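# A structural walkthrough
Here are the chains, one letter per residue:
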Amino acid sequence: MISLQEKLFPLQSFALISHRPEGPETRSAAVIDSRFSSTVAVPGPTLRSSIVGSNSTAYLQEESVGAFGISQPKCTHLFFCLFTPVTSFLKIRTTFDPPENLCSKVAHLRGPNQTVYAYSYAAPASGVDINSDNFKRHLDPIRKRSTKIQTSCPHCFIRLYHNISEGDDAGRNFLCNLFGHHLNVDFCDVTSIPILHGTPPYSWTLASLGDPDVDVFFDRHIENTLLDREWTAVEEWKQSGRAAHVMRDYPTHRAAIIPGLWSVRNSSSQTLAVARRRVLNELRQNLSSMESALETYIWPLIKNSVLQHDSYHCNSKSHNGSIPFSTQRENGRFCGWGNYKTKERQFISLTPCPEQCRPSDHKDWWFC
């Protein structure tokens, strides 16, 4: 039995993507394994093409519209081929280029109406060290996040905004391995995304805000665990029909929008794109904090159609209309919690939530 990893990482293989004129509903990517003569389909909208290839090159027949191929003995992840030191080629007609690069060409070729969980990772100047605390806290958890999302939301995609360089072998190999197990991940190299140049890493996820290819945008942090409590809250938001969702689940979550704990429907993508540009400009010039910039430019656009889950500051005037979380907190874990937040977990375990912020039928939930 050949494992998926063996199929994706053979000794000699190539990957490619193409597009035919059938329309966006026929978009897809396939990883072709010349060693085992097998095809692994990338989830999402499908796309078909005729393929001709060898161990050293990959290309499409003339009737195909575009191609994106690599030959790489270590990494056959086509979404990551911009890092490959071997000869590769890109032949995608401008018709299929995004009007503005907000992740990658391949993310664009997944088609419209994407549901995207956006994460960001800033690699140390010395490169990724898989034995370091930085790696264990800020990059390695993406594997668990990907598994959770792939299981709970099969139609969702993950965008990982990063600055892992071409020469960072450890970082590159980690991302290649990540794709080998999670075909719903897109890698977004921030050095190739002009609007992110000069911006702080925690703001990189905002590139997906207002992206015309994205229908629903989730701003999340890699180090934060995706709790069932959060999934339940998100489902309530989806059922509400509101345009945006905000979660405040810790005593210090006083801001209108908590970075890493909000989401929005991109129904007004142009308006959101303008707001995104203003937020990034503020942060690029160190004129304000992330929370302040979001409150200034994003909150006015969503405040009249937002579902707010709030466990500590539901009575705040600026949080008018907040509702309680419908599931009880377990073991001091909160939305925004991660394995490294031991002090925060201890603190919240000793801090009861106000009675007004508890569900009406569960006023006995001291830790709501």
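Everything below is about the structure shown above.
Below, the structure is looked at part by part. Everything numeric in this text was worked out from a predicted model, so none of it was measured.

Procedures and definitions
- Residues numbered from 1 in each chain as written.
- Predicted model: local features only at pLDDT ≥ 70, side-chain atom pairs only at ≥ 80, totals over all residues.
- Heavy atoms only, no water.
- Phe/Tyr/Trp six-rings, centres within 6.5 Å; stacked < 30°, edge-to-face > 60°.
- Helix = DSSP H or I, 4+ residues; strand = E, 2+ residues; numbered from the N terminus.
- Buried < 20%, exposed > 50% of the residue type's maximum accessible area, 1.4 Å probe, protein only.
- Lys NZ or Arg CZ within 6 Å of the ring centre and 35° of its normal.
- Axes fitted to C-alpha atoms, helices over the stretch in contact; angles between N-to-C directions.
- Parallel < 35°, antiparallel > 145°, perpendicular 65-115°, else oblique.
- Left-handed = near helix turned anticlockwise from the far one by under 90°.
- Contact = heavy atoms within 4.5 Å.
- Polar contact = N/O pair within 3.5 Å; in protein donor to acceptor, adjacent residues only side chain to side chain.
- Disulfide = S-S within 2.5 Å.

### A closer look at the packing of aromatic side chains
Applying the stated criterion to the full structure yields seven aromatic pairs. Each ring, one from Phe217 and one from Trp262, has its centre 5.6 Å from the other, and the planes form 80 degrees; the classification is edge-to-face. Pair noted here: Phe217 is in strand E11 (residues 214–219) and Trp262 is in strand E13 (residues 262–265), with a separation of 45 residues, a long-range link. We classify Phe217 as buried; its relative accessible area is 0%. Judged by its relative accessible area of 0%, Trp262 falls in the buried class. Taken together, the ring pairs in this structure connect Tyr117, Phe218, Trp231 and Trp237 into an aromatic cluster. Directly above the ring of Phe325 sits Arg229, whose terminal nitrogen or CZ lies 4.2 Å from the centroid. The aromatic ring of Trp237 is capped on one face by Arg265, whose charged end is 4.7 Å from the ring centroid.

### Quick notes on the packing of helix H4 (residues 142–152) against helix H5 (residues 169–181)
One way to put it is that H4 packs onto H5 with a least axis distance of 11 Å and a crossing angle of 20 degrees. One way to sum up the angle between H4 and H5 is to call them roughly parallel. Crossing of H4 over H5 shows right-handed handedness. Across the interface between the two elements, Ile142, Arg143, Ser146 and Gln150 from H4 touch Phe174, Leu178 and His181 from H5.

### Considering the side chain of Arg172
Within the secondary structure, Arg172 sits in helix H5. Reaching out from Arg172, the side chain makes a polar contact with the backbone oxygen of Glu166 at a distance of 3.1 Å. A polar atom in the side chain of Arg172 sits 2.4 Å from the side chain of Asp169.

### Some remarks on the state of the cysteines
Overall, the coordinates contain four disulfides when judged by the stated rule. Here Cys103 is linked by a disulfide to Cys188, with a sulfur-sulfur distance of 2.1 Å. Measuring handedness by torsion sign, the sulfur bridge of Cys103 and Cys188 sits at about -70 degrees and is left-handed. Of this pair, Cys103 sits in the loop between strand E7 (88–91) and helix H2 (105–109) while Cys188 sits in strand E10 (residues 185–189), and the two are 85 residues apart along the sequence. The same class applies to Cys103 and to Cys188, which are both buried. Here Cys314 pairs with Cys357 through a disulfide, and the sulfurs are 2.0 Å apart. The sign of the -95 degrees torsion about the S-S bond sets the Cys314-Cys357 disulfide as left-handed. Residue Cys314 is found in the loop between strand E14 (306–310) and helix H10 (342–349), and its partner Cys357 is found in the segment after H10; the two are separated by 43 residues along the sequence. Its relative accessible area of 2% is what places Cys357 among the buried residues.

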